[in-house]
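Okay, here's what each chain looks like letter by letter:
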Amino acid sequence: MIDNKTVKHSPNQYDVIILGAGASGLLCAFTAARRGRKVLVIEKSNKVGKKILMSGGGRCNFINYFVEADNFISANSHFCKAALTRYSQWDFMAMVEQHGIEFEERKHGQLFCQHSAKDILNMLLDECEQAGVEIRTRCEIDKIKQQQDTRYQLKFSQNNKPQILDCQALVVATGALSVPTLGGSGIGYDIAQQFGLKLIERQAGLVPFMFSDSMKPMCERLSGLALEVEVQCKQQSFKENLLFTHRGMSGPVILQISNYWSPGDEVIINLLPDIDAGQWLLSAKQQQGKSLLKTLLHQKLAKSLVSEIQNLWWPELAETALSEFSDKQLLLIAEHINNWQVKPSASEGYRTAEVTLGGVDTDGISSKTMEAKQQPGLFFIGEVLDVTGHLGGYNFQWAWSSGYSAGLVV
Ligand SMILES: Cc1cc2nc3c(=O)[nH]c(=O)nc-3n(C[C@H](O)[C@H](O)[C@H](O)COP(=O)(O)OP(=O)(O)OC[C@H]3O[C@@H](n4cnc5c(N)ncnc54)[C@H](O)[C@@H]3O)c2cc1C
């Protein structure tokens, strides 16, 4: 914990330097500055908060009404709890309301801006300005050194001009590897390693799947089709929309399950999640025996999809009346419909992933303050840590909660 006594500063001395002007960095910055700390935020990019602006299709899914530790993935599933309690969805919503930002609730308690994600970024920047936070963009970090008196020295260049600054608390809020064009970077992991912290293996998360087998041309043909399915992988399941794309499969349900998928894993898709397809097909055989199977399935699935699965599962029986199918044949097709096993060849990777799984091992970090346990004055917040949220506003919630927790003590 940092001693809060008032210090006289020279121009290149700060109480707090925050690396990264994204979601967690900005929230941490004004929280600390409101406490009277002299705060500087250093940003590599030409603009701040790029991911906020692009989030939620430009409307920013900034929180979720329902937040539980179960909505987060981490090697230590308890780590996120203290921060989520300290700064909850209601705290963030109170600020949103205070700024008069209009928002709307969508499915599963997700809150989005009614107008633009800019509203959220402007709110954070207003708070920073009011609290006296200094923000510098186009900065390239060169070197970080710990001074003997537990201060940190930062060498960097701004617009190619070298500078040296000094601070009491250094906060790493540089995010993670996803979407390099929006500021995704691995510098936070390098800093963690420089100071002896461990890393948990990283992987693209909330990311579409690609296929290399016969599924690839099939997905291409179905590209643009969306339907509600249930998807399962490693004992986890989600029910939401799946979207076929030119590359494979996307949509909220695929992004959600991608957080649990590893290369080589199969994914099980239930095309009719609310129906026992076996019972349905057997009773249809009795009642509509003259129909073709595809005609029956058109009641519940798009024609284009039915034509594709017919080619996969009953090509020889395409023109056979339902009454001619054996029960065994129908039950086998029903099993495919309720448990379609597909094997993605890869995810689309960090280029399109919304988040990065893994990161700085939370074992080395205080869950109350986000300070490195063995490195006083060094803090990690946001996505750089090994805490990843489900789709639905949970990743911003983690950025807000962890940023606030550090902002209270730096
Ligand atoms: C397309 C997209 C849509 C998303 N939509 C949502 C959504 O609707 N809801 C949700 O909850 N989550 C969403 N997310 C995830 C969310 O944006 C992140 O989890 C969140 O922004 C992480 O906050 P952060 O502060 O850790 O990192 P970021 O917000 O990424 O901020 C990190 C900052 O550090 C800067 N930086 C990087 N390297 C350096 C360096 N060397 N020196 C200085 N600065 C550096 C970056 O430029 C960036 O400004 C989305 C992500 C993407 C990519």
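Residues numbered from 1 in each chain as written. Predicted model: local features only at pLDDT ≥ 70, side-chain atom pairs only at ≥ 80, totals over all residues.

### Some thoughts on the overall build of the protein
Helix and strand content of the protein: 13 helices and 21 strands. Of all 410 residues assigned to the protein, the portion counted as buried reaches 45%. (Helix = DSSP H or I, 4+ residues; strand = E, 2+ residues; numbered from the N terminus. Buried ≥ 20, exposed ≤ 12 C-beta atoms within 10 Å, placed from the backbone.)

### Considering the site of the ligand
For the ligand, the set of nearby residues contains 39 residues, the closest of which are Gly20, Gly22, Gly175, Gly183 and Gly382. The element contributing the most residues to the shell around the ligand is helix H13 (residues 394-407), with 4 residues. Residue classes in the shell around the ligand are distributed as 17 nonpolar, 16 polar and 6 charged. (Near = placed C-beta within 6 Å. Nonpolar A, V, L, I, M, F, W, Y, C, P; charged D, E, K, R; others polar.)

### Notes on the sheet that holds strand E5 (residues 103-106)
Judged by pairing direction, the sheet is antiparallel, and its 3 strands sit side by side in the order E3-E6-E5 without closing on themselves. Among the strands making up the open sheet, the edge pair consists of strand E3 (61-64) and E5. With direction set aside, neighbouring strand axes in the sheet form an average angle of 30 degrees. Note: E3 against strand E6 (residues 110-113), 3 bridges, orientation antiparallel. Paired with Ile63 across the strands is Leu111, a residue of E6. Contacts between helix H4 (residues 89-98) and the sheet are confined to E3 and E5, with E3 contributing the most and set at about 135 degrees to the helix. (Pairing = 2+ DSSP bridges. Axes fitted to C-alpha atoms, helices over the stretch in contact; angles between N-to-C directions. Contact = placed C-beta atoms within 7 Å.)

### Some words on the sheet that holds strand E13 (residues 226-233)
Pairing is antiparallel across the open sheet formed by 7 strands, whose spatial order is E17-E16-E13-E14-E15-E12-E18. Of all strands in the sheet, those with a lone pairing partner are strand E17 (340-342) and strand E18 (346-347), marking the two edges. Contacting strand E14 (236-244), strand E15 (248-250) and E17, helix H7 (residues 215-222) runs over the sheet at an angle of about 55 degrees to E15.

### Comments concerning the environment of Glu371
Among the structural elements, Glu371 can be located in the loop between strand E19 (355-360) and strand E20 (378-380). Considering only alpha carbons, one finds Glu371 and Val409, 38 residues apart in sequence, at a separation of 9.1 Å.

### Remarks on unusual backbone geometry
For Leu206, which is not a glycine, the phi torsion comes out positive at approximately 45 degrees. Looking at the secondary structure, you find Leu206 in the loop between strand E11 (199-205) and strand E12 (209-210). Given 25 C-beta atoms within 10 Å, Leu206 falls into the buried group. In this structure, Gln235 is a non-glycine residue whose phi angle is positive, near 65 degrees. Relative to the helices and strands, Gln235 resides in the loop between E13 and E14.

### Points about helix H9 (residues 277-287)
Those residues of H9 that sit buried are Ala277, Leu281, Ala284 and Lys285. Projected down its long axis, H9 carries its buried residues within an arc of 105 degrees, all on one side. Those residues of H9 that are exposed and aimed more than 90 degrees away from the buried face are Gln279, Ser283, Gln286 and Gln287. Taken together, the buried residues of H9 touch helix H10 (293-297) and helix H12 (327-338). (Arc of directions from axis to C-beta.)

### Some remarks on the packing of helix H1 (residues 23-34) against helix H5 (residues 118-131)
With their axes 9 Å apart at the nearest point, H1 and H5 run at an angle of 25 degrees to one another. The orientation of H1 with respect to H5, classified from their angle, is roughly parallel. When you trace H1 past H5, the crossing you get is left-handed. For the pair H1 and H5, contact is made by Leu26, Leu27, Ala29, Phe30, Ala33 and Arg34 and by Leu124, Glu127, Cys128 and Ala131, respectively. Here the residues of the contact of H1 with H5 are counted per class, giving 8 nonpolar, no polar and 2 charged. (Parallel < 35°, antiparallel > 145°, perpendicular 65-115°, else oblique. Left-handed = near helix turned anticlockwise from the far one by under 90°.)

### With respect to the domain arrangement of the protein
Per the domain assignment, the segments of the protein are domain 1 (13-203 + 356-407) and domain 2 (208-347). Averaged C-alpha coordinates put domain 1 and domain 2 at centres separated by 40 Å. Taken residue by residue, the interface counts 5 residues in domain 1 and 4 residues in domain 2. Among the residues forming the side of domain 1 that touches domain 2, the class breakdown is 3 nonpolar, 2 polar and no charged. (Domains from an automatic or database assignment.)

### Brief notes about the pairing of E13
As defined by bridge partners, E13 adjoins E14 across 8 bridges and the pair is classed as antiparallel. Across the sheet, residue Glu228 finds its bridge partner in E14, namely Asn241. Between E13 and E14, which pair antiparallel in sequence order, lie 2 residues; one of them, Lys234, sits at a positive phi of approximately 45 degrees. Alignment of E13 against strand E16 (residues 267-270), held across 3 bridges, turns out to be antiparallel. Each bridged residue has a counterpart across the sheet, and for Glu230 the counterpart in E16 is Asn270.

### Considering the nonpolar core
Ranked by internal contacts, the top residues of the largest apolar core, which has 119 residues, are Ala29, Val171 and Phe380. In terms of residue count, the dominant contributor to this core is H1 (8 residues). Of the residues that make up this core, three or more belong to each of domain 1 (13-203 + 356-407) and domain 2 (208-347). When near neighbours in sequence (up to four residues on either side) are disregarded, Phe380 contacts Val172, Gly188, Ala192, Val360, Ile365, Met370, Ala372 and Leu385. (Core = buried A, V, L, I, M, F, W, Y, C linked by C-beta atoms within 7 Å.)

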